[in-house]
Number of protein chains: 2
Amino acid sequence: MSPISVKRRGIMFVLSSPSGAGKTTVAQEVLKQEKNLNISVSCTTRKARPSERDGIDYYFISENQYKEKVNEGEFLEHAEVFGNYYGTPKFVVEKYLDAGQDVIFDIDWQGTQQLAENARDDLVSIFILPPSIEVLEKRLIGRNQDTDEVVNRRMSKASDEMSHWPEYDYVIINENLEETIFDVRSILNAERLKRLRLKGLVSFVNKLRSKQ
Amino acid sequence: MSPISVKRRGIMFVLSSPSGAGKTTVAQEVLKQEKNLNISVSCTTRKARPSERDGIDYYFISENQYKEKVNEGEFLEHAEVFGNYYGTPKFVVEKYLDAGQDVIFDIDWQGTQQLAENARDDLVSIFILPPSIEVLEKRLIGRNQDTDEVVNRRMSKASDEMSHWPEYDYVIINENLEETIFDVRSILNAERLKRLRLKGLVSFVNKLRSKQ
């Protein structure tokens, strides 16, 4: 919007998909291209991959630390995925939203359900589907980071994950990465213009009207 | 969306603003740039301006024809504006929506209220505000097609018109025409991706899942 733009509260912007349908790539690209959009860095108990940095890709924590944070209600959402634990720290997200900054979440349906329970008005959720099962298979094998067993477990889990699309606000079929990124950015831009999110319009319009 | 895109019902896409805030220019530009978007041609009893063509800009009809159509329920919305009558023919819009085509409406708050009553789920509404009262004045005088009396009447009416922004889904402050067009197109694209509008996703996902 214009430099005159009125104040608004930030959006919790959720991207979910079955593993391998592209949500992480999409989230990273959208983050690069958008202003006022921040990543929600999760805590996890899983081991860091060689390319991952603590505090940037994840906060790598122990299982004991994780349990402590769950008990103290420090997570907006938390879940077990493939034997590891993940959680989203509440205080960071709240700081962004209050400042009118949006936060993108690259999480699964379990996390989304918890977020929805705690933050319905701030939440905008997108489910990304693969165009075909063949493409999904190719992407999962293409990673080359996981064993065959892990890939197979993921493929069978993908089917279950896909069944959760009706819980999301928007659905995108990721056939073309550029188009998917464009679609996600359109949704973000549109949601920022929703009347219900804009604060200060009453006084803006009253000022316009009083000049007549 | 991709060529795989699932079926959906069309959207009634409403742009409103006080006279002179730019909605007609914006609507025409968006129409030029967007596929699958059609204009809702209204009936009117007012005289055609030199540049206007019957059946393209408006259907120019007599007051008797207008009253007949109102009585027979042939309008989706109808209203008096500055002593002239306007109405949107129902059958044309329905044909587009059924075919998954969107229809753009360049109408005022009175028309929008009637549309909302008849077509809540199909309706997406945007209110366009001028960035300042000075800009609004300039635009109204800039037309040079109307007498001073008409301009003054419009200016005082603009204040009332502006008070209706809270009845719309989205609000855009039209400071920069290019940005406003981009914002309107973002909203249209996003609304097309809303889960509730997409038909056929159940069978699409079930087909994906059955292959595993």
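My aim in this report is to walk through the structure given alongside it, one point at a time. Everything quoted here is computed from the prediction, not taken from an experiment. (Residues numbered from 1 in each chain as written. Chains lettered and ligands numbered in written order. Predicted model: local features only at pLDDT ≥ 70, side-chain atom pairs only at ≥ 80, totals over all residues. Heavy atoms only, no water.)

Describing the interface of chain B and chain A
Test applied: Should any heavy atoms of two residues lie within 4.5 Å, those residues are counted as being in contact. The buried area of a pairing is the accessible area, by a 1.4 Å probe, that goes missing from both parts when the two are put together, added over both. Salt-bridge detection follows one rule: a side-chain nitrogen of Lys or Arg within 4 Å of a carboxyl oxygen of Asp or Glu. Pairs of N or O atoms within 3.5 Å make up the polar contacts considered here, provided that, within protein, one atom can donate a hydrogen while the other can accept it, and that residues adjacent in sequence are counted only when both atoms are side-chain atoms. Helical segments are the DSSP runs of H or I of at least four residues, strand segments are the runs of E of at least two, and each set is numbered from the N terminus. Gly falls in the polar group here, along with every residue not listed as nonpolar (Ala, Val, Leu, Ile, Met, Phe, Trp, Tyr, Cys, Pro) or charged (Asp, Glu, Lys, Arg).
At the interface, 46 residues of chain B touch 46 residues of chain A. Interface of chain B and chain A: buried area, both sides summed, is about 4,200 Å²; carbon and sulfur atoms make up 62% of it. Counting across the chain B and chain A interface gives 2 salt bridges. Note that B:R209 is salt-bridged to A:D160, the shortest N-O span being 3.7 Å. Linking chain B with chain A are 14 residue pairs in polar contact (both at pLDDT 80 or more). Of all elements in the fold, only α5 (133-142), α6 (148-162), β10 (170-173), α7 (177-192) and α8 (201-210) of chain B reach the threshold of two or more residues within the side of chain B that touches chain A. By residue number, the principal contributor to the side of chain B that touches chain A is α7(B), which donates 7 residues. A per-class count over the side of chain B that touches chain A returns 28 nonpolar, 8 polar and 10 charged.

Quick look at the relation of the copies chain B and chain A
Between the two copies of this chain, the relationship is a rotation about some axis together with a displacement along it. Worth spelling out the cut-off: Alignment of the copies relies on least squares applied to C-alpha atoms, considering only residues that score at least 70 for pLDDT in both.
The two copies are related by a screw operation: chain B maps onto chain A through 180° of rotation and 0.0 Å of translation along the axis, at an RMSD of 0.0 Å. Between the two chains, the operation in question is that of a two-fold axis. Within chain B, the C-alpha atom positioned nearest to the axis of rotation is that of B:S186, 2.3 Å from it. A shared binding surface is used by both copies, with 100% of the interface residues of chain B retained as interface residues in chain A.

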